[in-house]
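Descriptive analysis of the structure
Below, each chain spelled out in residue letters.
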Amino acid sequence: MSYGMKTNVGICFQNSYGTALTQSLYWIPFISEEFTPAKDPLVGENMRGIFDEGPTYEGMNSVKGKLEMEAHPISLGVLFKGFFGPPATVTSATYFSHTFKPRTADFDIYAASNPLTVVKDLGDGGSAHQFSDLVVSKLSMSVANGELFKTSVEIMGGKYAQIAAPAASYPTGKNWTWDVASVSLGGSANGDISELNIEIDESLENKYTLNNTKTPSRTKRSGFRTMTVGGTLIFDNQTEFQQFLSQSERNLTVNLKGTTAVQSGFFETLTMIVPLFRYVEFAPVAGGPGKLEVGFSGKGVYSTTSATQLQITLANTQAAY
């Protein structure tokens, strides 16, 4: 008998598109996963003198995947590398600062970002499930009062096989809670935001060609990269509403700092910088007798000064990804 709590999910970065790799798996603690092979039906449409639809064939094969986790300071870097690519890393003894930015070029002609192999073991004593030639298409991060910081990725590809179940090993340490998070807007601290969500989407799609296979031959871009920012703000004054009315673009910075030093004077930290944040919706309305709260949405605008929409710096004890 298998349980969700006994399921293990590991991620490995492939050296190239087309060759699965499971030799250096990062095992990811997770809340939920949705990795599964998909086989679209291909139904014949010839008229045959009957009312019934035509014969069914096996159509396009693909892999659909989603992984959500309470963001662990080590595992988080694996998801970041899958989306952004390798970071720029600065070393200080056993403390490492990894800076990630959205890609300015594709990984190669087949994959928009680093191709992945994902291994899922359901703990049922049978074969493990191997998904390869996967690419991370969407990254979401959220922090809300009274909760742990959470991250999710959507992954697409690819190829499927069954392999012997490998042994899993997970990183140690604590996750980030909401009370270690702080937010600033336009360079000034803002203590009124009770929930914040950041999502960046690469707009990817699988491409199929006449290459003697039912699986994608590549996963590439179909549109522009987009980034949305949303959340909830306690409405004490009209300061942020005026920023919405003027459609200003300001720096948005979110910082999380662990409470245990990993090296003298150094803590596990996560800093997310949106150089230019712009409100899209901001509606202060009274929905009841209680304290007014405003649900807002906005977007990250590409900054020509910073040459990016988003910069993330993750500092921890992981030497490299």
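Everything here concerns the structure above.
Calculation rules
Residues numbered from 1 in each chain as written. Predicted model: local features only at pLDDT ≥ 70, side-chain atom pairs only at ≥ 80, totals over all residues. Heavy atoms only, no water. Pairing = 2+ DSSP bridges. Helix = DSSP H or I, 4+ residues; strand = E, 2+ residues; numbered from the N terminus. Core = buried A, V, L, I, M, F, W, Y, C linked by side-chain atoms within 4.5 Å. Buried < 20%, exposed > 50% of the residue type's maximum accessible area, 1.4 Å probe, protein only. Contact = heavy atoms within 4.5 Å. Arc of directions from axis to C-beta. Salt bridge = Lys/Arg side-chain N within 4 Å of Asp/Glu carboxyl O.

Where strand β6 (residues 88–92) and strand β7 (residues 95–100) come together, five bridges link them in antiparallel fashion. Bridge assignment links V90 to a residue of β7, and that residue is S97. Bridge count for β7 against strand β21 (residues 311–316) is five bridges, and the pairing is antiparallel. When the bridges of β21 are listed, F100 appears paired with I312.

Turning our attention to the pairing of strand β19 (residues 266–282). Note: strand β18 (residues 250–263) against β19, nine bridges, orientation antiparallel. Bridge pairing links V254 to M272 in β19. Sheet analysis places β19 next to β21, joined by five bridges and oriented antiparallel. Of the residues in β21, the one forming a bridge with L270 is L314.

Looking now at the nonpolar core. Membership of the largest hydrophobic core comes to 57 residues, with the highest contact counts inside it found for L76, F80, M141, F149, L270, M272 and F282. Apart from residues no more than four positions distant in its own chain, M141 is found in contact with F80, F149, K150, T151, L196, N197, I198, M272, L310 and I312.

For the rest of this paragraph, the subject is helix α2 (residues 239–246). Every buried residue of α2 is accounted for by E240, F241 and F244. Projection of α2 onto a plane perpendicular to its axis shows the buried side chains occupying an angular sector of 105°, all on one side. Contacts made by the buried residues of α2 are with β12 (181–185), β17 (226–234), β18 and β19.

What follows is about the pattern of salt bridges. With the rule as written, the count across this model stands at 15 salt bridges. Across the pair E33 and K120 runs a salt bridge, and its minimum N-O distance is 3.3 Å. With E33 in strand β3 (residues 32–33) and K120 in strand β8 (residues 116–121), this pair connects stretches of sequence that are 87 residues apart. When salt bridges with common partners are traced through the structure, they connect D106, E202, K220, R221 and R225 into a single cluster.

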